Every structure is written in C-alpha cells, then in structure tokens.
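A look at the structure
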Amino acid sequence: MYGRANILDYGGKANSLIKLQNLGLPVPSFFVIPASLLKEIINQNNYFEEIQQLLLEKNYQRIREIIMSVDFPEQIKNSILKEANKLGGESFSVRSSADNEDGKEKSFAGQYETYLNVGTDELLKTIKKCWLSALSENVIAYEDQQINLFSISIIVQKMINPEYSGVSFSIDPTSRSRNYSVIEMCRGTGEKLVSGQVTPTKMLVQRKNLEIDFKIGSLSIPDDAVRKLEEYVLKIEKAYNAPIDMEWCYLDGAIYVLQARPITAHQDNIIPFVKNISREKTLLEIEIYYLGEYFGIKELTSGDYYFNPLFVVDRNSFASIFYDCFSLEEYPPNIFRELDKNFDLLQKRYDEAKNSCKYLTEIINNNSKINVKRFIKELIKIQPLSSLGNLIGKDWDSSKRVKELLIDYRNKYDKIIYQSTDYLVNYLEKNIPNDLKNYLPVLSIHEICNQQKINLENVKKRLNGYIYYNGSLFLEELGSFCQENGFMIKTEEHGNKIRGAIAYGGKAKGRVKVILSRSDFKKFDNGDILVTAMTTPKFTELMKRASGIITDEGGITCHAAIVARELKKPCLVGCKNATTILKDNDEIELDAINGSVGLA
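Residues numbered from 1 in each chain as written. Predicted model: local features only at pLDDT ≥ 70, side-chain atom pairs only at ≥ 80, totals over all residues. Heavy atoms only, no water.

1. Thoughts on the overall build of the chain
Of regular secondary structure, the chain possesses 20 helices and 23 strands. Relative to its 600 residues, the chain shows a buried fraction of 52%. For the chain, long-range pairs separated by at least 24 residues make up 65% of all intrachain contacts whose partners lie at least 6 apart in sequence. Entry remark: accessible area of the chain is about 28100 Å², with carbon and sulfur atoms responsible for 46%. (Helix = DSSP H or I, 4+ residues; strand = E, 2+ residues; numbered from the N terminus. Buried < 20%, exposed > 50% of the residue type's maximum accessible area, 1.4 Å probe, protein only. Contact = heavy atoms within 4.5 Å. Areas by Shrake-Rupley, 256 points an atom, 1.4 Å probe, with all protein chains shown as cover.)

Here's what the structure looks like:
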C-alpha cells in the first residue's frame, strides 16, 4: 500500500522486516503505514497547531484524547482495509515501528506497543493506539522527555497463531561465545517469553554443524526445524555484519521469521580472564602443560574446545593460570560431548598414554638416566588425559563410557605425570651445567634440549617474572600486557568465609602455614595445618606431618583429596580463597565435618 513512501519514514522495525523479506526469509505478509500519515490525518482534522502547543505544555493526556477521536479520511481508511484484506487470514498483528528502534546502539526494546489478534473491525482504532506509544510513560522516561510524536510507522501483518514462539541469539549474549547460538522458546505467542512471564526452554545450537548441544526444559521442535532456524540466524547475522537476535514462531512444521535486530547489550571487546589454578611451575612444566593440552585436547574435541591459558609467573616460579572466563564457562560440557563423539580416538590416545606411563614409570622406579627429549615427549602425550581427568568429579554431564575411561586413567595413572615431572626437574638439577643451574626454572624446552644455543642475557630477564601466552614469552607488566591485548583479569569475590568440599572428614586445630612453593617447605613444622593452592606429589612429606589440609582448588578426586584419604587427615578442597585469607601462624580449627574453617 505505502511501499512508494520514503523507506526512511518506516522506522527501524519495518525496515528490518523489509530487509528480512529481501533476504528470502519466511516473513509473514505485511504492509507499512508510514509515520507521515499521522501528521496528514491531524492536518486534515485541523489539530496540528493545537497538538504542537500541547507538546510544549507536556499535556499528553489531551493529545491522546484528540488522536483517538479523529476520523481517518475515507480514502485512507478504504486503502488500509483493502491492503489488510490482501494479507489473508482472519486477524492481524499491529506493531509500532519508530525511527529510533532496533539500532546497534539502542534497541528501544518493549517501549512501543504491539497488538496481536486484531480483527478488521478494530484495526483502525488499534493503529491509533500504536501511534500513542510515543506518549507512554515508559517512552517519556526512556527518551528523557524528548518526544517525537510523528516518528512512528505502523506494521500491519498477517497474524500467525503458533504452536511455539521464541528468540534466537546468534551468539550467547552473556558469554559472547561464538561456538553456539542460543534459542529460548515457549508455547503459543512470544509475549509471555519477552515479558518474563514464563521460564523458557533453552537450547544451545552449534554454529558449525547446526546440531543441538544441550537443552534445558521440556519443550521441543523437530531437529530439522532447529537446523532451519539456525540457518536463518546465521544468514541474518551475515547480512547485518553483527551479532543479532531474531524473533520467530513455529506452526505446522514451518518456521516464520518475525523480527531481527543487532544485539545491543553483548559484552565489548575486552576479554575477561579468571584465575583457574595456581601452582609452582617451571617454564619447562608450563610448556609441557600447554603443548599437551593444546595439541591433545584440541585434537580430541575436533579443534574447537581448547582455550589458550594465560600464565603469570612471579620470581619464585609461582604460576597463576588464567582462562578466558567466557570460554571456560562452556568448556567442560562441550568437551565431554566431543569426547563421546570422538570416543575411538580417545580410546586410542588412552592406549598410547598407557604405554607412555609404562615407559616413564620404569625410568623412575629404576632411577635411570633419561633421554630428555623423549621423556618430555612422553609427558606431553599424557598431559591431555591428566587434564581431562581433573574434570571428573564435578557436576558436568558426561557419557558413561567417557567418564569410566577418565576415572580409570585417574585411578591407575594420574600420579605419574606429577612424579615424572618432579623426576625430570630433579634429574636436570643434577645434570645441567653449573652455570645454568640458577636459570633452570626459566629455561624453555628448546633451551634445555639445545643448551649450547642458550642466550643467557635473554634468560636472565625472566628471573623477575614473566608472562606465557599462546606459546610465547612476554616480560612486560601484567597490566600493560592486558591493555595491549584487550584482556582484563576478573577478580572473583568469595568474601571472608572459607568453605570447601570435604575430601576426608574430621577436625583439626593448629597453626596455619601457607605453602605456595618449595622454597616455603622449610617453614613447615609438625602439626601445622597445610594451606596451599593445590598439592602435588612433592607435598606428600608435608601432608604426612600436617594435622590438616586446606586447598584453594580441586574436587574430591584431586591429588590432595586422594592423599588425605590415604593418610586419614581432615581435608577441605576447592575453598577458593584460603591462601588469600589465612596467614602464617593463624590459629584455626579446620572442620572437615561441616566443611568450614574458623578461628581456634
């Protein structure tokens, strides 16, 4: 009807519908009444000057009364009803479309009115009510009272009474992950969903292969409809060149696209990193950890689910390990899904790891001379299984066969990576040339295997601390590094209470000793309570002498938990903040019955 009008007069929502229609998407038939029509009707009824004055006076109630009372000129009324008849169906949705709506900076979500199931006899009245959206209290507040009454176009669209409705986001608006899109859906029309009246069924759909990753809720549409929905989402995102959200509905096996807009409230370009673990680690150990996980887990998860950690190492070789917290949030469940999908490869890598463990164990048991290059190569082979095994025991969904394989690895071989790493470092300490002994904690794999090519001037610079990221070393301050790379370190707030998971029950009173590296071992006395980020086999002697054990990290199958149960020592793991809150010589009571720590 008004397709010949200036398209800029149509507003954001209508322009978006026209764009979607031009992309060949299944948009229910519609026509647009341009914003200029209201001014035309007001002029023909001789109210324009009065309304302008009323706007200055902010007498919005009188304006509402005038607009609802004016008559549509006969020609315009007949034209609107004729176009409505062409749409087919028994009823319409009547939707406001303002020029400040659905943009990249502001969505203006929910501020202007939409009316559903409008019959022909109510159509003209409902169009007026949509125009009056510009005078609603919400819009006045949202626009800081900068009202433009003549800015609203009206979309009249064939009404679909769907079985299901929903919203699809091309990226997760909270985590910003681009590995999957998010679908939220409810029964019937989408009003209840966008207004928060119902808890929707939520699905994550892999962008790469259009498959459902996982679902929370009982509602469902056929898998081929989900794939078609995802195809539409990705097509629109490409056309808009921005992350989008799309409103849709489903009826009789078909998806209908109702609206799409850029996502205005997703995270910006700063990637927050959150601390995952803290350990004493040499550069050699960091590279084994990184290379083993990077190549191993990446291969086992089809190249999608390994996220480069950020290692921040101080002058005592104490490494805080950070992960991109957006990706970390999706990491475990997606990893388990991919492991199940690639189970034959996982089984093959497990069999290879068993051979590596046999080789490493024989050398350790026989106290043999080692081939350093091969020893490191075998450690890199078993690192992925060790890291994946650390995920078991948490509340991640996992197939039975994946869980059983990783538990089997943990029970039989988990200690070997710690024992072998310690053996390698001790071996190198004894056999490396004297002029390099002081630099061993900061030597790379390449330098250890090619000692004649070491540039000592470069190595010395690492002694005051360094950053290791994505296979490279950086000597700058953490703040400067984050600023240059668009990272930030997100601080987790845990308060001043210390609570954790009970690894072995019981109570212990004693003095705290916070042990973060081997250089701290000498301050530990018999009967002290060991507080650390996480234990490794080199902590075993301290654990034997301790009256109790508290760790920041780990679950009930971690190294500290296993050894504590063997030693029958009260132990809490996964406390998050123990090494931050507790100080050396604090007198405390460790309550590993109720899972808490208090002053003695």
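The structure having been displayed, the exposition proceeds.
2. Observations concerning the packing of aromatic side chains
Any pair of aromatic rings gets described here by the distance separating the centres and the angle formed by the planes. This model, assessed by the stated rule, comprises 19 aromatic pairs. Measuring from ring centre to ring centre gives 5.7 Å for Phe 48 and Phe 150, while their planes differ by 35°; the resulting arrangement is tilted. Taken as a pair, Phe 48 in helix α3 (residues 48-57) and Phe 150 in the loop between α7 (137-142) and β4 (152-158) lie far apart in primary sequence, 102 residues in all. A cation over an aromatic ring shows up here: Arg 374 above the ring of Tyr 359, its NZ or CZ 3.8 Å from the ring centre. (Phe/Tyr/Trp six-rings, centres within 6.5 Å; stacked < 30°, edge-to-face > 60°. Lys NZ or Arg CZ within 6 Å of the ring centre and 35° of its normal.)

3. Some details on the sheet that holds strand β22 (residues 587-591)
The strand order across the open sheet built from seven strands is β17-β21-β20-β19-β18-β22-β23, with neighbouring strands paired in mixed fashion. Each end of this open sheet is capped by a strand with a single partner; those strands are β17 (501-504) and β23 (596-599). Ignoring strand direction, the axes of neighbouring strands in this sheet form an average angle of 30°. Looking at chain direction, β17 and strand β21 (residues 571-573) are connected through three bridges and run antiparallel. Bridge pairing in β21 places Ala 501 opposite Val 573. (Pairing = 2+ DSSP bridges. Axes fitted to C-alpha atoms, helices over the stretch in contact; angles between N-to-C directions.)

4. Focus: the sheet that holds strand β13 (residues 318-324)
Overall, mixed pairing links the six strands, which are arranged β15-β14-β12-β13-β11-β16 in an open sheet. Only two strands of the sheet have a single partner each, and these edge strands are β15 (472-474) and β16 (487-490). Pairs of neighbouring strands in the sheet enclose a mean axial angle of 30°, with direction left out of account. Pairing between strand β11 (residues 271-280) and β13: seven bridges, direction antiparallel. Counterpart to Phe 273 in the pairing with β13 is Asp 324. The strands touched by helix α10 (residues 283-300) within the sheet are β11, β12 (310-313), β13, β14 (466-469) and β15, with β14 carrying the most contacts at an inclination of about 15°. Sitting on the sheet, helix α17 (residues 478-485) is in contact with β12, β14, β15 and β16, with an inclination near 125° to β16.

5. A few points about the nonpolar core
Grouped together as the largest cluster of nonpolar side chains are 61 residues, with contacts concentrated most on Leu 339, Phe 375, Ile 382, Leu 406 and Leu 424. Leaving out residues up to four positions away in the same chain, Leu 424 has contacts with Leu 284, Ile 288, Ile 370, Val 372, Phe 375, Ile 376 and Leu 379. Core analysis: the next-biggest nonpolar cluster, separate from the first, contains 37 residues, Phe 31, Ile 63, Ile 127 and Ile 154 among them. (Core = buried A, V, L, I, M, F, W, Y, C linked by side-chain atoms within 4.5 Å.)

6. With respect to the confidence of the model for the chain
This prediction gives the chain a mean pLDDT of 85; 88% of its residues lie at or above 70. Under a pLDDT of 50 for its full length, residues 102-110 has, in the predicted model, 27 contacts with residues more than four places off or in other chains. (pLDDT = per-residue confidence, 0-100.)

7. Re the packing of α10 against helix α14 (residues 400-431)
Taken N-terminus to C-terminus, the directions of α10 and α14 make an angle of 145°; their axes are 11 Å apart at the nearest point. When you trace α10 past α14, the crossing you get is right-handed. Listed contacts from α14 to Leu 284, Glu 285 and Ile 288 of α10 are Thr 421, Leu 424, Val 425 and Leu 428. Grouping the constituent residues of the contact of α10 with α14 by class yields five nonpolar, one polar and one charged. (Left-handed = near helix turned anticlockwise from the far one by under 90°. Nonpolar A, V, L, I, M, F, W, Y, C, P; charged D, E, K, R; others polar.)

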